[in-house]
Amino acid sequence: MKFTLLAHQVRALDMLRHSLASGKRRPMLQAPTGAGKTVLGAAIVEGALRKGNPVLFTVPFLSLVSQTVERFAEQGINSVGVMQGFHPATDADQPVQVASIQTLMRRKLPRASIVMIDEAHRWFDFYGKWMAMPEWQNVPFVGLSATPWAKGLGKHYDDLLIPTTTKALIAEGFLSPFRVFAPAHPDLTNVRTVAGDYHEGQLSDAMSQPVLIADTVATWLRLGEDRPTLCFAVDRAHARKLADQFEAAGVATGYVDMDTPPDERQLIGERLKHGQIKVVCNVYTLTTGVDWDVRCIILARPTKSETLFTQIIGRGLRTAPGKADCLILDHSDTTLRLGFVDDIHHDHLDMGPHQKSNGSRKDRETPLPKECPACSRLKPAGIRKCPSCGFEPERQSAIEERHGELIALKGRRKDKREATHDEKQRFYSMLLWLQQDRGYAPGYVAHKFKDRFGIWPHGMMEHSVEPDATFLNWIKSRQIAWAKQKKKQEAAHAA
Ligand SMILES: [Zn+2]
């Protein structure tokens, strides 16, 4: 072997071996940023070659083909052929074939004893058809992904291997620790959700308000410590506005999007490295900043996607000499919504909308972070004293809490009969839809459910359903009742 494997990489190979030995044929290997996915992939390829097994390595984009070949070469794997147009490395006789899914869809599939699927969280229906072909039933398909959390992956892959986690990699010094500040809370109430994430056009408009752009730059000037910074925007228009504002404030700034040619991208990386530019505004791509020494991330792109969030923050978690931590300026409320990236964890693959579930898809063990009201540092729930500024909030007064409960009790409508489980589920699903659509805190669903039925939700499925008029009227009536009650209370206080 031409490379030394780290403990978690050895563990990954062991887990994979056991999975295949136990009869699994569609294992998914989770390798977070910093776990050395390339080295792992190369080690698996090398293991197969030693046994004389040809390997087919697939990537989700044409642009990743050459990069993959280069990385294999770095690991000493040279018996590689490429399937892609008239690529100079075309050689069908080589035991390792690298191909994009787009090419494979149009060609006769080559023979292989093992198929590796890189960036496997990106699902293509073609994979499903391929995996289902009789002649491929016994051939292992190994998925590789830092974030194998896409909906329905569990219907196609039969095992999830987690040899290490972001938290463990930080603790072991393979990744940089990070600090998050949430200096702004954008209003996204009018931004719709499409396919699980914010509607991009509406999001771009919401985030492009001059006051938000100006605040992003002002915050960086105040907190950014002049660090080499990657700023993530919603789309090109938004990224350009941010870049212009940084330039206007006298900060040397670069700009990258998916159409920036590789050599220009590399030049921008060099300039960032040498301090000639401080901030690079960009729209997320698979390749931007992968190996740059980034010490501050500006997240100006709100997302509901744990995958996108994790990939963006991952850009700042590489270790480097003299780098104590990564500073994250989250202008998107994403950390408050999804939690710290190293707290995002799924024990199993998602089984799609009809999955059997114990009521929770998110298997979240850690409560969401809390914001320090003095300095906007996000701290783990339960930590009262701010690790940044030392501020310690006073405990909420018991009277206030009692008032809250009183209102809820008094306002609750008494149903003549007990609601059925299906009715409760439907109500729950509509609450879930509303919470996701309006970006309310996750606790909203349980509280509103209790408000309606007098009990906390239990055994509900986590799928959302678009609210009907009756439901929306009820929500509205509760808001009105609450507002009236509050007014009365304020009047009483004033008297
Ligand atoms: Zn603080």
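Residues numbered from 1 in each chain as written. Predicted model: local features only at pLDDT ≥ 70, side-chain atom pairs only at ≥ 80, totals over all residues. Heavy atoms only, no water.

A tally of regular secondary structure across the protein gives 16 helices and 17 strands. Its C-alpha atoms give the protein a radius of gyration of 25 Å, near enough to 23 Å, the size a compact globule of 495 residues would have. In the protein, which comprises 495 residues, the share counted as buried stands at 49%. Across the protein, every contact between residues at least 6 apart in sequence was considered, and the portion connecting residues at least 24 apart equals 75%. Just so you have it, the protein exposes about 24900 Å², and 54% of that area is on carbon and sulfur atoms. The positive charge centre, built from 66 side chains, and the negative charge centre, built from 56, are 5 Å apart in the protein. (Helix = DSSP H or I, 4+ residues; strand = E, 2+ residues; numbered from the N terminus. Rg over C-alpha atoms; globule rule 2.2 N^0.38 Å. Buried < 20%, exposed > 50% of the residue type's maximum accessible area, 1.4 Å probe, protein only. Contact = heavy atoms within 4.5 Å. Areas by Shrake-Rupley, 256 points an atom, 1.4 Å probe, with all protein chains shown as cover. Lys, Arg positive; Asp, Glu negative; His and termini not counted. Charge placed at Lys NZ, Arg CZ, Asp CG, Glu CD.)

In space, the seven strands of this open sheet follow the order S3-S4-S2-S5-S6-S1-S7, with parallel pairing throughout. Edge strands, defined here as strands with exactly one partner in the open sheet, are strand S3 (80-83) and strand S7 (159-161). Across the sheet, the mean angle from the axis of one strand to that of its neighbour is 20°, orientation sign disregarded. Pairing of strand S2 (residues 55-59) with strand S4 (residues 96-100), which is carried by five bridges, proceeds in the parallel orientation. In the sheet register, Thr 58 faces S4, and the bridge partner there is Ala 99. Across the sheet, helix H3 (residues 63-74) touches S2, S3 and S4, and the angle it forms with S4 is around 155°. (Pairing = 2+ DSSP bridges. Axes fitted to C-alpha atoms, helices over the stretch in contact; angles between N-to-C directions.)

Of the protein atoms, only Cys 372 (SG), Cys 375 (SG), Cys 386 (SG) and Cys 389 (SG) coordinate the zinc ion, at distances of 2.3 Å. Metal-centred angles of 104 to 114° between the four donor atoms at the zinc ion mark the site as tetrahedral. (Donors = N, O, S within 2.8 Å, 3.2 Å for Na, K, Ca; no water. Tetrahedral: all angles 85-135°; square planar, octahedral: opposite > 155°, others 65-115°.)

So, about the nonpolar core. In this structure, Phe 72, Met 116, Phe 178 and Ile 297 are the most contacted members of the largest nonpolar core, which totals 63 residues. The biggest single contributor to this core is helix H2 (residues 37-50), with seven residues. The residues that make up this core include at least three from each of domain 1 (7-164) and domain 2 (170-344 + 363-379). Look past the residues within four positions of Ile 297 in its chain and what remains in contact with it is Leu 230, Phe 232, Ile 312, Ile 313, Arg 315, Gly 316, Cys 326, Leu 327, Ile 328 and Leu 329. The next biggest cluster of nonpolar side chains, apart from the first, holds 24 residues, and it includes Val 279, Ile 298, Cys 375 and Cys 386. (Core = buried A, V, L, I, M, F, W, Y, C linked by side-chain atoms within 4.5 Å. Domains from an automatic or database assignment.)

All right, on to the environment of Arg 337 then. Tracing the chain through its elements places Arg 337 in helix H12 (residues 334-338). When the C-alpha positions of Arg 337 and Arg 11 are compared, they lie 32 Å apart, and in sequence the two are 326 residues distant. Of note is the side chain of Arg 337, whose polar atom sits 3.2 Å from the side chain of Tyr 198. A polar side-chain atom of Arg 337 sits 3.0 Å from the main-chain carbonyl oxygen of Gly 439. (Polar contact = N/O pair within 3.5 Å; in protein donor to acceptor, adjacent residues only side chain to side chain.)

Moving on, we come to the pairing of strand S12 (residues 253-256). As a general feature of sheets, a regular strand has side chains that alternate between the two faces. Both faces of S12 are covered, namely the face carrying Thr 253 and Tyr 255 and the face carrying Gly 254 and Val 256. Bridge count for S12 against strand S13 (residues 279-283) is four bridges, and the pairing is parallel. Opposite Thr 253, over in S13, you have Val 279 as the bridge partner. Read from S12 through helix H10 (residues 262-273) to S13, the crossover connection turns out right-handed. (Right-handed = clockwise from strand over helix to strand, strands pointing away.)

The subject of this paragraph is the pattern of salt bridges. Two side chains of opposite charge can pair, provided their charged atoms sit close to one another. Tallying each qualifying case throughout the model produces 18 salt bridges. One salt bridge connects Arg 179 with Asp 325, and the closest N-O pair in it is separated by 2.7 Å. Within this pair, whereas Arg 179 is found in strand S8 (residues 178-181), its partner Asp 325 is found in the loop between helix H11 (306-314) and strand S15 (326-330), the two being separated by 146 residues in sequence. A relative accessible area of 13% places Asp 325 in the buried class. Among the salt bridges present, the one from Asp 226 reaches Lys 278, with a minimum N-O distance of 3.8 Å. Note that Asp 226 is positioned in the loop between helix H8 (210-223) and strand S11 (229-233) and Lys 278 in the loop between H10 and S13, a separation of 52 residues in sequence. Since its relative accessible area comes to 46%, Asp 226 is described here as partly exposed. (Salt bridge = Lys/Arg side-chain N within 4 Å of Asp/Glu carboxyl O.)

Here the focus is the confidence of the model for the protein. Any residue range with low pLDDT should be treated as having predicted coordinates unsuitable for detailed reading. Residues with a pLDDT of 70 or more make up 92% of the protein, whose mean pLDDT is 89. Across residues 357-361, confidence stays below pLDDT 50; counting only partners more than four residues off in sequence or on other chains, it has nine contacts. In the predicted structure, residues 397-416 sits below a pLDDT of 50 and forms 18 contacts with residues beyond four places in sequence or in another chain. (pLDDT = per-residue confidence, 0-100.)

With that settled, consider the side chain of Gln 9. Mapped onto the fold, Gln 9 is located in helix H1 (residues 7-21). One polar contact links the side chain of Gln 9 to the main-chain amide nitrogen of Leu 6, over a distance of 2.8 Å. In this structure, Gln 9 is in contact with Thr 4, Ala 35, Gly 36, Val 39 and Leu 40, ignoring residues within four places of it in sequence.

The buried fraction of S11 is high, at five of five residues. The alternating pattern of S11 places Thr 229, Cys 231 and Ala 233 and Leu 230 and Phe 232 on opposite faces, both of which are buried. As paired strands, S11 and S13 are joined by five bridges and run parallel to one another. Bridged to Phe 232 within S13 is Asn 282. Of the strand pairs in this sheet, S11 and strand S14 (residues 296-299) are connected by four bridges, and their pairing is parallel. Residue pairing for S14: Phe 232 is matched across the bridge by Leu 299.

Our next topic: the sheet that holds S11. Strand order in the open sheet formed by six strands is S8-S15-S14-S11-S13-S12, with parallel pairing between adjacent strands. At either margin of the open sheet sits one strand with a lone partner, and together these are S8 and S12. Going from strand to strand, the sheet's axes swing by 20° on average, the running direction of each strand aside. Of the strand pairs in this sheet, S8 and S15 are connected by four bridges, and their pairing is parallel. Of the residues in S15, the one forming a bridge with Phe 181 is Leu 329. Along the sheet, H8 makes contact with S8, S11, S13, S14 and S15, crossing S15 at roughly 150°. Taken strand by strand, H11 contacts S11, S14 and S15, and its axis lies near 150° from that of S14.

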